[in-house]
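# Overview (structure and organization)
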Amino acid sequence: MGEISTLFVHKVVEAATAMDPPGSSRRRELFLSVGVDPDAGVDPKLMIHDTDYYGLCERAMREDKDSASLPLRVGALMRCDDYGAFGLAWKSAVDLQGSLERAVRYGRVLTSVSIYEVRRENGRVFMVLNREGERSLGLRISNEQTIVAIATICREVCTQPFHPVSVHFKHKGPSDPSAHESFFGAPVFFGSDKDALEMSRSLLETPNRLGDATISRFFDTHMESELARFTDDDTLDQRVRLHIAQSLSEGVPTVSDIATRLGMSGRTLQRRLADRGQAYQDLVDLARRELAEQFLRNTDYSLAEIAFLTGFSDQSAFTRAFKRWAGTTPGSFRGRE
């Protein structure tokens, strides 16, 4: 079972009860329904089970008169300072790309069920939210809130008007998406293959308002110590696959390379994978297959280019491996998608 920071509980309750009459007990009831003290202050380090949080999101959605806009209202309430040390690391990054890289690296301090990725496809750049598990209503609501929250805190730190190129959600959208398009100032695609914000390279290189290299390094050090508190393996294989995929264009990374990114030794990573009945090479193969299928579905890269991007020495080696994984050639796979 995963964990999610109670910071997000506070934002859901705040948005859900904003129009309640004075003296209403619903705010207290919502907090107590997930075991959170309604009189306590916000503590980003305090976690609840992800299923409890999804249940809260579903209840708030059912009870809201304008349910379609609730995820927008929740995400729009987020401020960098709400996130504690993570928010300070986000603000002090030199540019927007640096902020996103901190989410990729340190997102675990806020949740064990979400993994962030800066993904490049056909010259386009996406900030992608990866979250495994059954796509329940609560999870879909949470995903939407998260993408909105990322846009909100990007807008807070960016020195130019923040407008993504496009916005993507895997789930089905409302009949009228105009509120979402108005909020983001960009086309919004529901029923997409990803939950993501697409950003231009110039936007990513935009300096942050409070960006400072020295302060940023300080908070990186602090966040590394925060990250070291977490030893759970709930998403270890997913994180390993993601880091492998991000490295493949430069060749297949060693287990030590990936372990270093995860803040541990190669021996520790191998032991923790073995405890889960997994082997590093199996995860390399899975990461290569997932990345190859993603390129075949979503890009017009040639097979030779995909072979290079997935860490193969040549196209023939890639084709042999893909046939072993999928039982068909890359060209046939692309043709039927």
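Above this note sits the structure.
Since this is a predicted model, take the numbers as computed values, not measurements.

### Some points on the overall build of the protein chain
Looking only at helices and strands, one finds 17 helices and seven strands in the protein chain. Taken over the C-alpha trace, the protein chain has a radius of gyration of 21 Å; the compact-globule value for 337 residues is 20 Å, and the two agree within 12%. Counting the 337 residues in the protein chain, one finds 52% classified as buried. Sequence-distant contacts in the protein chain: of pairs separated by 6 or more residues, those separated by 24 or more amount to 68%. In the protein chain, 43 side chains carry a positive charge and 48 a negative one; their mean positions are 2 Å apart.

### Some remarks on the environment of leucine 77
If you trace the backbone, leucine 77 turns up in the loop between α4 (70-76) and α5 (85-92). Look at leucine 77 and you get partly exposed, because its relative accessible area is 25%. Along the chain, leucine 77 and alanine 149 lie 72 residues apart, while their C-alpha atoms are 7.7 Å from each other. Once you skip the residues sitting within four places of it in the chain, leucine 77 turns out to touch Lys11, Glu14, Ala15 and Asp82.

### A few points about the packing of aromatic side chains
Following the criterion strictly, the structure yields 14 aromatic pairs and no others. With centroids separated by 5.7 Å and ring planes inclined at 50 degrees, the aromatic side chains of tyrosine 83 and phenylalanine 86 adopt a geometry described as tilted. For phenylalanine 86, a relative accessible area of 7% gives the class buried. On the numbers, 5.2 Å between centres and 25 degrees between planes, the contact of phenylalanine 169 with phenylalanine 190 is stacked. Of this pair, phenylalanine 169 sits in the loop between β5 (166-168) and α8 (178-184) while phenylalanine 190 is found in the loop between β6 (188-189) and β7 (195-199), placing the two residues 21 residues apart along the sequence. Judged by its relative accessible area of 0%, phenylalanine 169 is buried. Through pairs of rings, three or more aromatic residues link up here, namely Phe312, Phe318, Phe322, Trp325 and Phe333. One Lys or Arg, arginine 155, reaches over the ring of phenylalanine 183 and ends 4.8 Å from the middle of that ring. The ring centre of phenylalanine 126 lies 4.6 Å from the NZ or CZ of lysine 194, which sits over that ring.

### Focus: the sheet that holds β5
The five strands are arranged β3-β4-β7-β5-β6 in an open sheet whose pairing can be described as mixed. Strands at the two margins of the open sheet, each flanked by one partner only, are β3 (115-121) and β6. As judged from the seven bridges shared by β3 and strand β4 (residues 124-130), these two strands associate in the antiparallel manner. Residue pairing across strands places tyrosine 116 opposite leucine 129, the latter belonging to β4.

### Description of helix α7 (residues 137-157)
Over its 21 residues, α7 extends 31 Å from the first C-alpha to the last, a length consistent with the 30 Å expected when each residue adds 1.5 Å. Extensive coverage of α7 is indicated by the burial of 17 of its 21 residues.

### A few points about the pairing of β7
The buried fraction of β7 amounts to five of the five residues, a majority that puts the element mostly inside the structure. On β7, burial covers both faces: Asp195, Leu197 and Met199 on one face and Ala196 and Glu198 on the other are all buried. Relative to β7, β4 is paired through five bridges, and the arrangement is antiparallel. Within the sheet, the bridge partner assigned to valine 128 lies in β7 and is alanine 196. Bridging between β5 and β7 involves three bridges; their strand directions are antiparallel. Bridge pairing in β7 places valine 167 opposite leucine 197.

### Let's talk about helix α3 (residues 50-63)
Between its first and last C-alpha atoms α3 spans 20 Å; for 14 residues at 1.5 Å apiece the expected length is 20 Å, and the two agree. For α3, the full list of buried residues reads Asp50, Tyr53, Tyr54, Leu56, Cys57, Ala60 and Met61. Viewed end-on, α3 has its buried residues packed into an arc of 155 degrees, placing them on one side of the element. Buried residues along α3 sit in contact with β1 (3-5), α1 (7-16), α2 (26-33), β2 (47-49), α4 and α7.

### With respect to the side chain of glutamine 294
Relative to the helices and strands, glutamine 294 resides in helix α14 (residues 280-298). For glutamine 294, the contacting residues outside a window of four places in its chain are Arg119, Glu121 and Thr299.

Criteria and thresholds
Residues numbered from 1 in each chain as written. Predicted model: local features only at pLDDT ≥ 70, side-chain atom pairs only at ≥ 80, totals over all residues. Heavy atoms only, no water. Helix = DSSP H or I, 4+ residues; strand = E, 2+ residues; numbered from the N terminus. Rg over C-alpha atoms; globule rule 2.2 N^0.38 Å. Buried < 20%, exposed > 50% of the residue type's maximum accessible area, 1.4 Å probe, protein only. Contact = heavy atoms within 4.5 Å. Lys, Arg positive; Asp, Glu negative; His and termini not counted. Charge placed at Lys NZ, Arg CZ, Asp CG, Glu CD. Phe/Tyr/Trp six-rings, centres within 6.5 Å; stacked < 30°, edge-to-face > 60°. Lys NZ or Arg CZ within 6 Å of the ring centre and 35° of its normal. Pairing = 2+ DSSP bridges. Expected span 1.5 Å × (residues − 1). Arc of directions from axis to C-beta.

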